[in-house]
Structure formats: structure tokens, C-alpha cells
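Survey of secondary and tertiary structure
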Number of protein chains: 2
Amino acid sequence: MIRISPLIDRLIDAFQMLPGVGPKWATRMTLYVLQHNREGGETLARSLSAAVAEVKRCRECRTLCETELCAACANPRRDADTLCVVESPADVIAIEQAGGYSGRYFVLHGRLSPIEGVGPSELGLVDFGARVRVRGIREVILATNPTVEGEATAHYIVEALSGMDVRVSRIAHGVPLGGELEYIDGGTIAHALHGRRTID
Amino acid sequence: MIRISPLIDRLIDAFQMLPGVGPKWATRMTLYVLQHNREGGETLARSLSAAVAEVKRCRECRTLCETELCAACANPRRDADTLCVVESPADVIAIEQAGGYSGRYFVLHGRLSPIEGVGPSELGLVDFGARVRVRGIREVILATNPTVEGEATAHYIVEALSGMDVRVSRIAHGVPLGGELEYIDGGTIAHALHGRRTID
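These numbers were taken from a predicted model, which means no experiment stands behind them.

Conventions used here
Along every chain, residues carry numbers that run from 1 in the direction the sequence is written. Chain letters start at A and ligand numbers start at 1, both assigned in the order the entries are written. Given that this is a predicted model, residues contribute local features only at a pLDDT of at least 70 and side-chain atom pairs are listed and counted only at 80 or more, while totals for whole chains, interfaces and linings are drawn from all residues. Hydrogens are left out, water is left out, and the side-chain values use all remaining heavy atoms of the structure. The criterion is simple. A nonpolar core is a set of buried Ala, Val, Leu, Ile, Met, Phe, Trp, Tyr and Cys residues joined through side-chain atoms within 4.5 Å. The rule is simple: take the accessible area with a 1.4 Å probe, protein chains only, and divide by the maximum for that residue type; under 20% is buried, over 50% is exposed, in between is partly exposed. Going along the chain from the N terminus, every DSSP run of H or I of four or more residues is numbered as a helix, and every run of E of two or more is numbered as a strand. In this scheme, strands are said to pair when DSSP sees at least two bridges between them. As a rule, the C-alpha atoms of each element are fitted with a line to give its axis, helices using only the stretch in contact, and angles between N-to-C directions run from 0 to 180 degrees. When checking whether two residues touch, look at their non-hydrogen atoms; a contact exists if any pair is within 4.5 Å. The superposition of copies rests on a least-squares fit of C-alpha positions from residues with pLDDT of 70 or more in both. The rule is simple: put a 1 Å grid over the protein atoms alone, call a set of points where a 1.4 Å probe fits but cannot get out a cavity, call an open set with protein on both sides within 12 Å along at least five of seven lines a pocket, and count a residue as lining if it has an atom within 4 Å of a point. Grid points are joined across faces, edges and corners, and a volume is the space filled by probe spheres set on the points. Angles below 35 degrees are treated as roughly parallel, those above 145 as roughly antiparallel, those between 65 and 115 as roughly perpendicular, and all remaining angles as oblique. Crossing handedness follows the turn of the near helix against the far one: under a right angle anticlockwise gives a left-handed crossing, and clockwise gives a right-handed one. In the scheme used here, Gly and all other residues not listed as nonpolar or charged are polar, with Ala, Val, Leu, Ile, Met, Phe, Trp, Tyr, Cys and Pro taken as nonpolar and Asp, Glu, Lys and Arg as charged. Only a pair of cysteine sulfur atoms within 2.5 Å qualifies as a disulfide here. Per residue, pLDDT captures the predictor's confidence, and it can take any value from 0 to 100. Think of a polar contact as two N or O atoms within 3.5 Å of one another; within protein, one of them needs to be a possible hydrogen donor and the other a possible acceptor, and neighboring residues in sequence only count if both atoms come from side chains. When two components associate, each loses some accessible surface as probed by a 1.4 Å sphere; the sum of these losses over both components is called the buried area. For this document, the term salt bridge refers to a Lys or Arg side-chain nitrogen within 4 Å of an Asp or Glu carboxyl oxygen.

Points about the nonpolar core
A:F15, A:L18, A:L44, B:F15, B:L18 and B:L44 are the most contacted members of the largest nonpolar core, which totals 47 residues. Listing elements by their share of this core, those giving two or more residues are α1 (6–15), α2 (23–36) and α3 (38–54) of chain A together with α1 (6–15), α2 (23–36) and α3 (38–54) of chain B. Residues A:L123, A:L125, A:A154 and A:V166 belong to the second largest nonpolar core, which totals 18 residues.

Structure, rendered in C-alpha cells:
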């Protein structure tokens, strides 16, 4: 890369830590801020500092928020007896955006992966059975991703809850709405066939 | 958009002031920083604040830098008698990256556009003839873009320098290297034909 001036170079470098941002785009962002939107740049700097310093995990569900309890956990109108287990806060956002779910969440911040050194304690699963019992939860919905690690994580939770009086379910995996069989990968089709339901 | 928490929402909003960043991607950037790279986020915040506060325009060529003179203007080994006029600092970077140009620059920060209220004074062109004379410049290369406004701006500069003992040139516009005639737009082909050069 061409070096321009120390401060500009440093900003171009800093932008590149963002996901999907390469040198060209980082340069474009830098010049945009400096030429057209310094106020926006200042606001972004302040927002970043504040969020990095103050956002932590919800005491209850482990999602990201700056308060002790996140909005979902603090909301008395949500079903406290249904718990949806997801891998990341992005999954919480996706489910909330879909609408229709009114229970609570539990965010793993990852998936079991012995190779990467991620075990039950990293995912907050050590006392998961006790948590489910104490909170009086009646259904645990496993919404980890349909990858090898996601399935292993779901399986671990099923084991952890075995023998307890709680319904454990897995979200359905199959052909997405609007998807055409012709264009769907084989793994998904196999899943969809395996998970078929009797029409009655 | 789903509201998550005030600080997170504010950061998602702030990221969206960047060019090409919509709500989905801003959310992804926000979660990435908070989950995986808080240090990078802190660095970006500091770099932004510093650049926004301290980057100004080079006294001589008007490009962006935090010093009185930019690196090109302060470099005594660059040809001081050749001046390349461009619309933006991004153009300077593009030419530097291409390599091979060793003269100096003059950055307009825009193009003549009466509709948008951009006249010669906004582009630093009011005393351009005097500047060229005083600096002893022998060639002015016009590298404004081949748009209506870019051409009008180039034309204005040609007029401003008429009668002066200075060579005024325009960069060539035509078929890009590696371009195939078949896929080139008609305007470019017309330009390439019009700008043809005798092979001798």
C-alpha cells in the first residue's frame, strides 16, 4: 500500500480489522470520513469507545448488553419457562427479527470445539442442568447451527438435561421457504427427507 | 431493526455512516468488535478521533495530511515543475500506486458544478495561473475524470493558463489495458478512436 501520512495510514490500517474490509475499502472509508463526514467519524469513534468499554454479557442469558440484565431477560412479559439456546448474539437478533418467539435465550458464544479449546465451561454449560431446574424451565429449544460442532453442542446439552422433566427440542432443518429443491445442496435435502413429518 | 441495547444500537447506527455499509453489515461489524476484537475497536476509535481532529489539507497541493506539507510536496526529489491536477486525494493514491509519476499534485476536492454551488474558489482555482507562474511549473497534467463536470473543469484550467508559457496536457482516455473491445462501452470506444495516435 501507498503510505499517505501517519494518521491516515493508521486509520486505513485500523479499518481493516473490521470483517470483510480490505485495503481498498479501508482507504475509501478513511477518505470518505476525512473529506465528507468528520462528524460521523467522531460519532463512530465515541460510539466504539463507549460500547467497547461498557458492553458486557447479560448475567442471565449471556447475550451482549451494557446492563445487568438484557432487554429480553428483564421483560416480565416474555415466557420465562422457554429457553432457546443459540451460538451467538447475532442468532438472537435473527430470531427476534423473524418475530414469533416470546421465550428467553441462552447464548453460548461459540460451540464445542476441542481443537480450539472450547469446552462446556467456555460456553457457560457447566451448571446448565441446575440452571434449567432452578429457573423452572419447561422447554429448551436447541438452535445451534447444523454444523458438526453445532450438532455436537446440541447433543451435549441433550445429555446434560437427560432424566430431567424438561422438553428438549431442536429447530427444524430443511428446505428454506422460497427455496427450490433444484438449487438446494444435498445435505439440506437429506436433512429435509430425514426430518419429514406425517401429514394428518 | 431490532433494538438490542442503547450502546449497541448506537454503534450499529454509527457504522452505517460509512460508505456501502447497511444495517445488516453494521450489525455484523458491531458484534464482531464486541465479541472478538475489542482491542481493534479501541484502536479504530482512537485512530478515527486523531485523524478527524488533526488531518487537514496540504498548504501547497491541498491533499489530505496532518502536516503543513504533504509527503509529495515536501520531497525535494520529486519534479517541482510538473503538476498533476486531480479531483480527489483518492486519485493521488491511485496514481501513486500505479507508479511512474514523479511530479507533484494539485487536488481540487471536487469538480466545477454550478448546480451544486461548486465554483473555481471551492476548487482552489482562483489564483491557479499565478500559482503555476510563481512555482515555475512547466507542465500541468489534467487528470480530472472524463465526466461532463470533469471535462468542464479541465477546460476551465486550460482557459486559465492560456497565453502562459506552460504545457497543458490531458491524460489519455481510451480502452483500458486488458480491456476487450467487445465489452467496452461505446463512449470509451469513441474516445479511443478520436484520440488515436499515428504510429511512426
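Some thoughts on the sheet that holds strand β5 (residues 139–142) of chain A
The pairing of strands in a sheet happens through backbone hydrogen bonds and is either parallel or antiparallel. Residue and element names in this part refer to chain A. As summarised here, the arrangement of the four strands in space is β4-β3-β5-β6, forming an open sheet in which the pairing is parallel. Sheet topology places β4 (104–107) and β6 (167–170) at the edges, where each strand pairs with a single neighbour. Adjacent strand axes in the sheet meet at a mean angle of 25° when their direction is disregarded. The pairing of β5 with β6 spans four bridges and is classified as parallel. By the bridge assignment for β6, L142 is matched with R170. Against the sheet, helix α7 (residues 148–161) touches β3 (82–86), β5 and β6, its axis set at about 170° to β6.

Observations regarding the relation of the copies chain A and chain B
Superposition record for chain A on chain B: RMSD 0.1 Å, screw rotation 180°, translation along axis 0.0 Å. The superposition of one copy onto the other is thereby described by a two-fold rotation axis. For chain A, the minimum C-alpha distance to the rotation axis belongs to A:A45 and amounts to 2.0 Å. When the interface residues of chain A are mapped onto chain B, 100% of them again lie at the interface, so the same face is used by both copies.

Focus on the layout of surface pockets
In this approach the atoms are scanned with a rolling probe the size of a water molecule, which exposes any empty space left behind. Empty space within the largest pocket amounts to approximately 550 Å³. Taken together, 27 residues form the lining of the largest pocket, with A:L31, A:Q35, B:S88, B:A90 and B:D91 sitting closest to its centre. Within the residue set of the lining of the largest pocket, elements represented by two or more residues are α2 of chain A together with α5 (89–98) of chain B. Element by element, the count of residues in the lining of the largest pocket is highest for α2(A), at nine residues.

A short note on the packing of α1(B) against α2(B)
Residue and element names in this part refer to chain B. Taken N-terminus to C-terminus, the directions of α1 and α2 make an angle of 125°; their axes are 8 Å apart at the nearest point. Classified by the angle between their axes, α1 and α2 sit oblique to one another. The crossing of α1 and α2 is right-handed. Contact with α1, carried on its side by I8, L11, I12 and F15, involves P23, A26, T27, M29, T30 and L34 of α2 and no other residues of that element. Split by residue class, the contact of α1 with α2 holds eight nonpolar, two polar and no charged.

Looking at the state of the cysteines
In this structure the tally under the stated criterion is zero disulfides over all chains. Residue B:C65 stays outside any disulfide, its sulfur separated by 4.9 Å from that of B:C58, the closest cysteine.

Things to note about the environment of B:I184
Residue and element names in this part refer to chain B. Following the sequence through the fold, I184 ends up in the loop between β6 (167–170) and α8 (186–194). By relative accessible area, which is 16% here, I184 ends up buried. Placed 10 residues apart in sequence, I184 and G174 show a C-alpha to C-alpha distance of 9.5 Å.

Description of the environment of A:R10
Residues and elements named next belong to chain A. For R10, the location among the structural elements is in helix α1. In this structure R10 comes out as partly exposed when scored by relative accessible area, which is 48%. C-alpha of R10 to C-alpha of T30: the two residues are 20 residues apart in sequence and 9.8 Å apart in space.

A look at the confidence of the model for chain A
Across chain A, the average pLDDT comes to 93, with 100% of residues at or above 70. Here the predicted complex carries an ipTM of 0.87, next to a pTM of 0.85.

Considerations on the side chain of A:N37
Checked against the element boundaries, A:N37 lands in the loop between α2 and α3. Looking at A:N37, its side chain comes within polar contact range of the main-chain nitrogen of A:G40, at 2.7 Å. Apart from the residues lying within four places of it in its own chain, the contact partners of A:N37 are A:Y32 and B:M17.

Things to note about the packing of helix α5 (residues 89–98) of chain A against α2(B)
Between α5(A) and α2(B), the shortest axis-to-axis distance is 10 Å and the interhelical angle comes to 150°. Each of A:P89, A:A90 and A:I93 in α5(A) lies in contact with α2(B), whose residues at this interface are B:T27, B:L31 and B:Q35. Its residues placed into classes, the contact of α5(A) with α2(B) shows four nonpolar, two polar and no charged.

Details of the sheet that holds strand β3 (residues 82–86) of chain B
All names here are of chain B. In space, the four strands of this open sheet follow the order β4-β3-β5-β6, with parallel pairing throughout. Whereas interior strands pair on both sides, the edge strands pair on one side only; in this sheet they are β4 (104–107) and β6. Across the sheet, the mean angle separating the axes of adjacent strands is 25° when strand polarity is ignored. Set on the sheet, α5 makes contact with β3 and β4; between it and β4 the angle comes to about 155°. Against the sheet, helix α7 (residues 148–160) touches β3, β5 (139–142) and β6, its axis set at about 170° to β6.

Remarks on the pairing of β3(A)
Residue and element names in this part refer to chain A. Across the five residues of β3, five count as buried, placing the element largely inside the fold. The two faces of β3 match: T82, C84 and V86 on one face and L83 and V85 on the other face are all buried. Taken together, the four bridges between β3 and β5 define a ladder with parallel strand orientation. Each bridged residue has a counterpart across the sheet, and for C84 the counterpart in β5 is I141.

Here we look at the interface of chain A and chain B
Tallying the contact residues gives 53 residues for chain A and 53 residues for chain B. Regarding the contact of chain A and chain B, the summed buried area is about 4,800 Å², with carbon and sulfur atoms giving 75% of it. Sorting the residues of chain A by area buried against chain B places A:L7, A:M17 and A:P19 first, and these three jointly supply 13% of that buried surface. Inspection of the region where chain A meets chain B yields zero salt bridges.

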